[in-house]
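Report on the structure
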Amino acid sequence: MRQILKYSVLFVLIINNIVSAYPQDSSSESQEVNKPAAYDNYRLPSSVVPENYKLDIFTHLNDSEGFIFRGIVEITLNVNEFCDNITLHAKNLTIDTKKIELNEISENEALKIRHVELMPKHDFLIIYPQKILSKFRKYTVKIPFEGSLDTDLVGYYRSSYFDKELNKRVWLSVTQFEATHAREAFPCFDEPEMKATFDISLAHHKMYSALSNMPLKETHAVESIQDFVVDTFETSVKMSTYLVAYCVSDFEYKEVSMKDDVTFRIYARREAMNQVDYAADVGPKVLKFYEDYFQIKFPLPKIDMIAVPDFSAGAMENWGLITYRETALLYQANASTLSAKHRVAEVIAHELAHQWFGNLVTMRWWTDLWLNEGFATYVASLGVAHLHPEWKSFDEESVDNTLDIFKVDALKSSHPVSVTIGHPNQISQIFDAISYSKGSVVIRMCHKFLGERGFRFGVSNYLKKHQYANTLQDDLWDSLTESSHEEQSLSRSLSVKDIMDSWTLQVGYPVIEVVRDYDTNSATLTQSRYVSDRYTPRNELNSCWWIPLTYTDNSRKNFTSAAAQDWMSCTKDKEAIEKKIHNLPDQNNWVIFNIQLAGLYKVKYDEQNYKLLVETLNSEDYNTINVINRAQLIDDAMDLAWVGRQDYGIALDMINYLKRESEYIPWKAALDNLRIVNRLLLRSPLYGVFKAYMRHILKPIYGRLGGISTVPDSSELHAVKHQALICGWSCRLDVGDCIKRSVEYFNTWMVETEPDHINPIPLNLRPCIYCTAVRNGNEKQWKFLWQRYVNSNVGAEKSMIISALSCAKEQWILSRYLEWSLNSTLVRKQDASIVFSGVARDEIGFHLARNFFFDRIDDIYSTLFPDTSRLTRYIKPLAEQMSTQKELTDLKDLVTKKAKEFEKSTQGVKQALEVVELNNQWKLNNYFSLARNLNRMIDPETDMYTENTLSDEITTTESILV
């Protein structure tokens, strides 16, 4: 009987030396097979490894066959140990096991297959030949397969767009294999360490063209299928399966050639070809920058970058064929903001950095994913700074990443940068801020204390030594230690591994407490872990980090050098050692540690030092403190106040200086912290006082920036972002003429005869103005903006509009919008969570979003399937708004009841639940203290709220909380 295996099938070459497991006579197919003990490890055995894949695929896009693909993969295998079975991965494929062929190459001998066993637990399919596979021999296994081109955004899937000129929907097929989805497209050894070369041929209708990792070798007609052609590509370099890519589409392209014969092509749908010029300019320039920086030439003859209409990630670094969401690759000058342009440059730089860090040298297992993502994030910021020095974006990105991590990694439910991965279904959860942002921050810190030459030479040597291979993080530390010792930028008594293991192998980061002795002009430094939960037992804070110390004082004001001046160290038992610093100034001069946020740590000072810092910040000499350190002081003070380690008075006294501040970075740090407080007070009696305080600090800067009537120089990214930030807050809190001018701008646009072509609203303020107009309008404004979304041809513009539409204040409109988010014909699947989070973060939409999530969790799960790890994007914005015990209990009950639905987002769920607990804790402990300090900051001469009144309010709030 014909055996067909269909559903999660993983072919794993299970290498087993037990010959006795075979029956004495295996000639009869019907006899009972005496099978060996099941292999029960989620990792592939290493006894058999692939050398080459010959992959032939036929793609049917909405023809008489529907949406399917069929193929044959022939894998050349190297056998490292005598073994009795073969194991590799496949999932959601129909495989005719009777047509699987196995051959021994040197003898040209066809081997019979005795038995095929399915192991769904690990997606394994175990193939047992009738003969033992011999050590050091080569074999080929040929497997036919078939699958569906679904719309689930993983594996080999289909996407589409509406061609207005042809007035029809046009289909394309594309791959997304990271982390474990290559197995859904063809049987393979789907682990990063199982590298091989690939010979790929793609058959398709002649109206389309095909792309893959390597250049096209030849094209010829398919005799058996009318109007089909097959494109054969050159043999690839040795690479992991998650980097394999191919695509069938009718896209057009723009070509740019580099001097060293690397050809760049930017692919997009025909109507978007006027948006590819910026990417065509940026790509070759940043590639050349990396070639010079790493001192290694890009090894492929071409790079294709393609904008895919439906794409779950921002982009994917497939070697030679990089796939992007449209918003991450396409840019149109009159419709995309400068921030959107920066985003395009940033993503392109990130993906091209991966061509070395990730593709050329790959982590052995997903435990060290951060080596890929953290390094690419950091190096991308160097690449963008090289492309656009006028943007001054390097410092801003470094501060943004650091301050983001200060919040995320302060959770007890955070995880180490290098995190142990068990079952592969856990992998998608570590594509998070820890792997990307914290990974980037610790690499930046390493760069700072090693110096430019020690860091750069070490990275280059690491890549050269391990090219086309797989590594652990220790391999990078070894190269950096060697180079830094040669350059004498690190003492030979120290190793990079000793230092960096303390940052990558344990969760969290430290806070340094600086207690000055003004009699001896010295200071004592101690370290402990910073945790957002003020009730964390002391013994859980006794971690130790090797901390590069940088500091300056009011007499020197040296903020230019961020090289380590000293170290806080750990004992062999990983216990922290107290540090003494001498030769500090007298009691009239402040000291600041962590120059330019060179290290991932917070600093708490003694009362006198805080007093000196506050006095300087609130004077005309505030800018004698480096701009990054001004942001650091605010963020540290707010976080220390959060856990009760100092009073909110110090933090608000620091923030008070912002009436003088004209730089973006300190404002961003302050408003990010105040946004958290805003969420917690939004539905409390104190919100009126907080709102008055916010208007008090925003009014001067709103006027100084010219409100929303003055447009900054479009080349100054920091100025554009600064004005957009202040506009957003000012319009929400009704500062100055922000609402009035926004509504006027929007109304002027609405009466334009061709609003899709003529838009009088200042480009870089459109997100703010759109949201303000929708919030202060009605259905008329909402429908007008929705129509602009439908008509827009620019991904960045559509993304901007889809966020602004969630600002509506009419509940029926928001309810309908949430429903639409589950309809892929109205809102693309990749954008569904953007709609939800936008509604959830609004004071009007929060309860609607909460009820929608609780009532429609099954539908949301079905929409996101199979990548249900994205449920984290739904639960987190809800958790940010929750602060009562009842809300926490309800959320826990939902997670327990729907355990299956949340099984791929357990990390995000833990963090969300902890956030609700912390919000509740903050209200119970900080509400009254903040109230008194806010009242003082608004008008110290007027007692706006008496202490008795505030006591009544906190009592009322506490009763609500419990």
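Residues numbered from 1 in each chain as written. Predicted model: local features only at pLDDT ≥ 70, side-chain atom pairs only at ≥ 80, totals over all residues. Heavy atoms only, no water.

Regarding the overall build of the chain
Helices and strands together make up the secondary structure of the chain, namely 26 helices and 32 strands. Over its C-alpha trace the chain gives a radius of gyration of 30 Å, about what one expects of a compact globule, namely 30 Å for 962 residues. Projecting the C-alpha coordinates of the chain onto the three principal axes gives extents of approximately 100 × 75 × 60 Å. The 962 residues of the chain split such that 62% are buried. If you take every contact in the chain between residues at least 6 apart in sequence, the share linking residues at least 24 apart comes to 73%. By element, 47% of the accessible surface of the chain is carried by carbon and sulfur atoms, the whole surface being about 36700 Å². (Helix = DSSP H or I, 4+ residues; strand = E, 2+ residues; numbered from the N terminus. Rg over C-alpha atoms; globule rule 2.2 N^0.38 Å. Buried < 20%, exposed > 50% of the residue type's maximum accessible area, 1.4 Å probe, protein only. Contact = heavy atoms within 4.5 Å. Areas by Shrake-Rupley, 256 points an atom, 1.4 Å probe, with all protein chains shown as cover.)

Looking at empty space enclosed by the protein
Inspection of the entire model under this criterion finds three cavities of 30 Å³ or more. Of the pockets and cavities examined, the largest cavity occupies roughly 60 Å³. The wall of the largest cavity is formed by Thr377, Tyr378, Ser381, Glu397, Ser398, Asn401, Ser440, Val441 and Arg444. Mapped by element, the contributors of at least two residues to the lining of the largest cavity are α4 (369–387), α5 (393–408) and α6 (433–465). Looking at the lining of the largest cavity residue by residue, the classes come out as two nonpolar, five polar and two charged. (1 Å grid on protein atoms, 1.4 Å probe; cavity = no way out; pocket = protein on both sides within 12 Å on 5 of 7 lines; lining within 4 Å. Points joined across faces, edges and corners; volume = space filled by probe spheres on them. Nonpolar A, V, L, I, M, F, W, Y, C, P; charged D, E, K, R; others polar.)

Examining unusual backbone geometry
Of note, the bond from Glu178 into Ala179 is cis; its omega dihedral lies within 30 degrees of zero at 5°. Here Ala179 shows up in the loop between β12 (168–176) and β13 (197–205). Across the junction of Phe865 and Pro866, the peptide omega takes the value 10°, indicating a cis bond. For Pro866, the position within the fold is in the loop between α22 (857–864) and α23 (872–881). Even without being a glycine, Lys574 presents a positive backbone phi close to 65°. Tracing the backbone through its elements, the reader meets Lys574 in the loop between β29 (566–568) and β30 (579–581).

Points about helix α20 (residues 832–840)
Most of α20 sits out of view: seven of its nine residues are buried. Taken residue by residue, α20 has Ala832, Ser833, Val835, Phe836, Ser837, Val839 and Ala840 as its buried positions. Looking at the buried positions of α20, the neighbouring elements they touch are α18 (795–804), α19 (811–820), α21 (846–855) and α23.

Some points on the packing of aromatic side chains
Aromatic ring pairs: the centre-centre distance and the angle between the two ring planes describe each pair. Counted by the stated rule, this structure contains 56 aromatic pairs. Consider the rings of Tyr605 and Tyr610, whose centres lie 5.6 Å apart with planes at 85°: the pair is edge-to-face. Judged by relative accessible area, which is 4%, Tyr610 ranks as buried. Their ring planes at 90° and their centres at 5.7 Å tell us that Phe746 and Trp749 sit as a pair that is edge-to-face. With Phe746 and Trp749 both in helix α15 (residues 738–750) and three residues apart, this pair spans about one turn of that helix. Given the relative accessible area of 0%, Phe746 is considered buried. Assessed through its relative accessible area of 1%, Trp749 is described here as buried. Taken together through their ring pairs, the aromatic side chains of Phe289, Tyr290, Tyr293, Phe294, Phe298, Trp356, Phe357, Phe375, Tyr378, Phe394, Phe455 and Tyr462 make up a single cluster. Above the ring of Tyr789, the side-chain terminus of Lys798 is found at 4.2 Å from the ring centroid. (Phe/Tyr/Trp six-rings, centres within 6.5 Å; stacked < 30°, edge-to-face > 60°. Lys NZ or Arg CZ within 6 Å of the ring centre and 35° of its normal.)

Observations concerning the confidence of the model for the chain
Low pLDDT means the predicted atomic positions in that stretch should not be read closely. Summarising the model, the chain shows a mean pLDDT of 90, and 93% of its residues fall at 70 or more. Long-range and interchain partners of residues 940–962, a stretch whose pLDDT sits below 50, account for 31 contacts in this model, where long-range means more than four residues apart. (pLDDT = per-residue confidence, 0-100.)

A short note on the state of the cysteines
All chains considered together, the criterion is met by four disulfides. Put simply, Cys544 and Cys570 are joined by a disulfide, and their sulfur atoms are 2.0 Å apart. Across the S-S bond linking Cys544 and Cys570, the dihedral sits near -100°, which makes this disulfide left-handed. Linking Cys544 in the loop between β26 (522–529) and β27 (547–549) with Cys570 in the loop between β29 and β30, this pair joins segments that are 26 residues apart in sequence. With a relative accessible area of 5%, Cys544 lands in the buried category. With its sulfur 2.0 Å from that of its partner, Cys727 forms a disulfide with Cys768. On the sign convention where negative is left-handed, the bridge of Cys727 and Cys768, at about -80° about the S-S bond, is left-handed. Here the residue Cys727 occupies a position in helix α14 (residues 717–732), and Cys768 occupies one in helix α16 (residues 766–775), the gap between them amounting to 41 residues. Taken individually, Cys727 and Cys768 each receive the classification buried, so the pair is uniform in this respect. (Disulfide = S-S within 2.5 Å.)

Structural notes on the pattern of salt bridges
Applying the stated criterion across every chain, the model contains 56 salt bridges. Between Glu513 and Lys604 there is a salt bridge, and its shortest N-O distance comes to 3.9 Å. Of this pair, Glu513 sits in strand β25 (residues 510–517) while Lys604 is found in strand β32 (residues 602–605), placing the two residues 91 residues apart along the sequence. Between Glu880 and Arg841 there is a salt bridge, and its shortest N-O distance comes to 3.1 Å. (Salt bridge = Lys/Arg side-chain N within 4 Å of Asp/Glu carboxyl O.)

Overview of the sheet that holds β26
One open sheet accounts for four strands, arranged β30-β26-β25-β32; its pairing is mixed. Of all strands in the sheet, those bounded by a partner on one side alone are β30 and β32. Adjacent strand axes in the sheet meet at a mean angle of 25°, parallel and antiparallel pairs treated alike. Lying over the sheet, helix α10 (residues 627–642) contacts β25 and β32, oriented at roughly 75° with respect to β32. (Pairing = 2+ DSSP bridges. Axes fitted to C-alpha atoms, helices over the stretch in contact; angles between N-to-C directions.)

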